[in-house]
Amino acid sequence: MSPTPAIPGAVPTPPNLGVRFAGVGSALPSKPLTNADLEQLMDTSDEWIVQRTGIRSRYIVDHERGESCLTLATAALRRALDEAHLAPTDLDLIILATMTAEMSCPPTSCRLAADIGAGTIGAIDVTAACCGFVYSLNTAYALIRSGLYRSIAVVGADTLSQYLTYDSSGRSTAILFGDAAGAAILRATDDTNKGLIAQAMHSDGARWVDLYIPEDLDRDFPEGHEPSPEHLKRVQMNGRGVFKFAVGTFSDVIQQTLHQAGLAATDIDMFVCHQSNARILSAARDRFGLSEEKLYINIDRVGNTVAASVPLCLDELTKAGRIKEGDKVMFVAFGGGLTWGTSLWQL
Ligand code: ACO
């Protein structure tokens, strides 16, 4: 029986195929924001920021130049398509992971599809904070592996700078985040060795108050948090709580995924991790005895770029020749929700 459905849109018999990364791309906004710049805006110091987070600089969107989540996503996706030698019309679906959509309606992914000239293909926004790209990779794999789609663009784009306050009142969060976008094109392949080996997706909504952005004065402030107009549309974070959670969970979810796959940490060629804090990443390196080369860190240059963080690392590593076909690569993320997850691939 042919694996391709005779009727467009009909559910096909799952074909025997693999899934490969056909191209990756990324985009940074134009405005650099160094620790020295922040020292001018708020009561902080380069020393404090570097010691606590490992961050030295980040980039944020310049609204006067028209930069936004959508323009960054568009640039990253165009670069990924170029690298894959594909036209936008070769895509069957776009999944955009973001927690900073242009507005609640329409989904930013729909405008992304239109802006790159992908026609009327399906387009979905996925909101899973910093885990969005990892969740979307797992989802795209399942959709391709089922035979429903052959080419899916997975994009992570965030501009959290719009929800930060660049004065002393916002110093505990403003220093952490940068804006960016990254994209990967996933395609069906006859090489059945390529694809997802193991994955994990978790959430704990009982801990939503550890990281939230209130929008309504009467409704969105949890018990013990004084409702305040200045906090509306501003990131509220329990830094210490998230840090403690992340240090343990990061390593535990890596261990869980290795166990599922029957692999050891030394079998993995590269860990591509969400960049939330250099200390959290170093703790994971230490726990698994990994060399610096095997767990990439770029937070010093770009900060925490939320859903863009993982694909931005992937693009930099690919361009540097440090990730290549045949490698085993584990993507790892955690974030607001709380959410955490992995995606382990044979490239
Ligand atoms: N500069 C100078 N001092 C500061 C700053 C700053 N930018 N921010 C806070 N401080 C002060 C505090 O006021 C406090 O002073 P006090 O002791 O006089 O009260 C002191 O520094 C210590 O503050 P803490 O918040 O306890 O500092 P901590 O060591 O926990 O570091 C940090 C804060 C860097 C935020 C850390 O907790 C962290 O990285 N947490 C994880 C956060 C994270 O990863 N969030 C992203 C999740 S991903 C997502 O989904 C978006």
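All values reported here derive from a predicted model rather than from experimental measurement.

### Overview of the sheet that holds strand 11 (residues 270-273)
Reading across the sheet, the four strands line up as 8-13-12-11 and stay open at both edges, with mixed pairing between neighbours. Each edge of the open sheet is held by one strand with a lone partner, namely strand 8 (195-203) and strand 11. Each adjacent strand pair in this sheet contributes to an overall mean axis angle of 10°, direction not counted. Pairing between strand 8 and strand 13 (residues 339-346): eight bridges, direction antiparallel. Across the sheet, Met201 pairs through a bridge with Gly341, a residue of strand 13.

### With respect to helix 7 (residues 239-261)
Between its first and last C-alpha atoms helix 7 spans 32 Å; for 23 residues at 1.5 Å apiece the expected length is 33 Å, and the two agree. Bending of helix 7 peaks at approximately 25° at the position of Ala246. Along helix 7, the positions that sit buried rather than exposed are Gly241, Val242, Phe245, Ala246, Thr249, Phe250, Ser251, Val253, Ile254, Thr257 and Leu258. The inward-facing, buried residues of helix 7 contact strand 8, strand 10 (236-237), strand 11, helix 8 (278-288), strand 12 (328-335) and strand 13. One or two steps after helix 7, the chain reaches Gly262, where phi turns positive at roughly 65°.

### So, the pattern of salt bridges
Per the counting criterion, the structure on display carries eleven salt bridges. Residues Arg65 and Asp62 are paired through a salt bridge, measuring 3.9 Å at the closest nitrogen-oxygen approach. Given the relative accessible area of 62%, Arg65 is considered exposed. Across the salt bridge formed by Lys324 and Asp327, the nearest N and O atoms sit 3.5 Å from each other. The exposure class of Asp327 is buried, given its relative accessible area of 7%.

### Quick word on the pairing of strand 4 (residues 93-97)
Along strand 4, five of the five residues are buried, which leaves the element largely enclosed by surrounding structure. Alternating positions in strand 4 separate into two faces, Leu93, Ile95 and Ala97 on one and Ile94 and Leu96 on the other, with burial throughout. Once you follow strand 4 into helix 4 (residues 108-116) and on to strand 5 (residues 122-126), the crossover reads as right-handed. Judged from the five bridges that link them, strand 4 and strand 6 (residues 151-158) form a sheet pairing that is parallel. What sits directly across from Ile94, in strand 6, is Ala153.

### A short note on the environment of Pro14
Locating Pro14 in the fold gives a position in the segment before strand 1 (18-27). The spatial distance from the C-alpha of Pro14 to the C-alpha of Ser146 is 4.8 Å, given a sequence separation of 132 residues. Ignoring anything within four residues of it in the chain, the contact list for Pro14 reads Arg145 and Ser146.

### So, the packing of aromatic side chains
For the coordinates displayed, the defined rule picks out seven aromatic pairs. Centre to centre, the rings of Phe245 and Phe334 are 6.3 Å apart; their planes meet at 65°, and the pair counts as edge-to-face. Of this pair, Phe245 sits in helix 7 while Phe334 sits in strand 12, and the two are 89 residues apart along the sequence. Across the pair, Phe334 and Phe245 agree in class, each one buried. With centroids separated by 5.3 Å and ring planes inclined at 75°, the aromatic side chains of Phe245 and Trp340 adopt a geometry described as edge-to-face. Of this pair, Phe245 sits in helix 7 while Trp340 is found in strand 13, placing the two residues 95 residues apart along the sequence. When its relative accessible area of 11% is taken as the criterion, Phe245 is described as buried. With relative accessibility at 17%, the residue Trp340 sits in the buried group.

### Here's the deal with the site of the ligand
Thr44, Cys130, Arg240, Asn277 and Gly336 are the nearest of the 24 residues found near the ligand. At a separation of 2.7 Å, a nitrogen atom of the ligand approaches a polar side-chain atom of Thr44. Across the complex, the protein chains shield 77% of the 1000 Å² of accessible surface that the ligand would expose by itself. Only helix 2 (46-53), helix 6 (171-174), helix 7 and strand 12 provide two or more residues apiece to the shell around the ligand. Sorting elements by how many residues they give to the shell around the ligand places helix 7 first, with four residues.

### Quick look at the sheet that holds strand 6
Whether parallel or antiparallel, the strands of a sheet pair through hydrogen bonds between backbone atoms. Spatially, the five strands line up as an open sheet ordered 1-7-6-4-5, and their pairing is mixed. For this open sheet the edge positions go to strand 1 and strand 5, each flanked by a neighbour on one side alone. Shown here is a sheet whose adjacent strand axes are inclined to one another by a mean of 20°, direction ignored. Bridging between strand 4 and strand 5 involves five bridges; their strand directions are parallel.

Parameters at a glance
- Residues numbered from 1 in each chain as written.
- Predicted model: local features only at pLDDT ≥ 70, side-chain atom pairs only at ≥ 80, totals over all residues.
- Heavy atoms only, no water.
- Pairing = 2+ DSSP bridges.
- Helix = DSSP H or I, 4+ residues; strand = E, 2+ residues; numbered from the N terminus.
- Axes fitted to C-alpha atoms, helices over the stretch in contact; angles between N-to-C directions.
- Expected span 1.5 Å × (residues − 1).
- Bend = angle between axes of the 7 residues up to and from the residue.
- Buried < 20%, exposed > 50% of the residue type's maximum accessible area, 1.4 Å probe, protein only.
- Contact = heavy atoms within 4.5 Å.
- Salt bridge = Lys/Arg side-chain N within 4 Å of Asp/Glu carboxyl O.
- Right-handed = clockwise from strand over helix to strand, strands pointing away.
- Phe/Tyr/Trp six-rings, centres within 6.5 Å; stacked < 30°, edge-to-face > 60°.
- Near = heavy atom within 4 Å.
- Polar contact = N/O pair within 3.5 Å; in protein donor to acceptor, adjacent residues only side chain to side chain.
- Areas by Shrake-Rupley, 256 points an atom, 1.4 Å probe, with all protein chains shown as cover.

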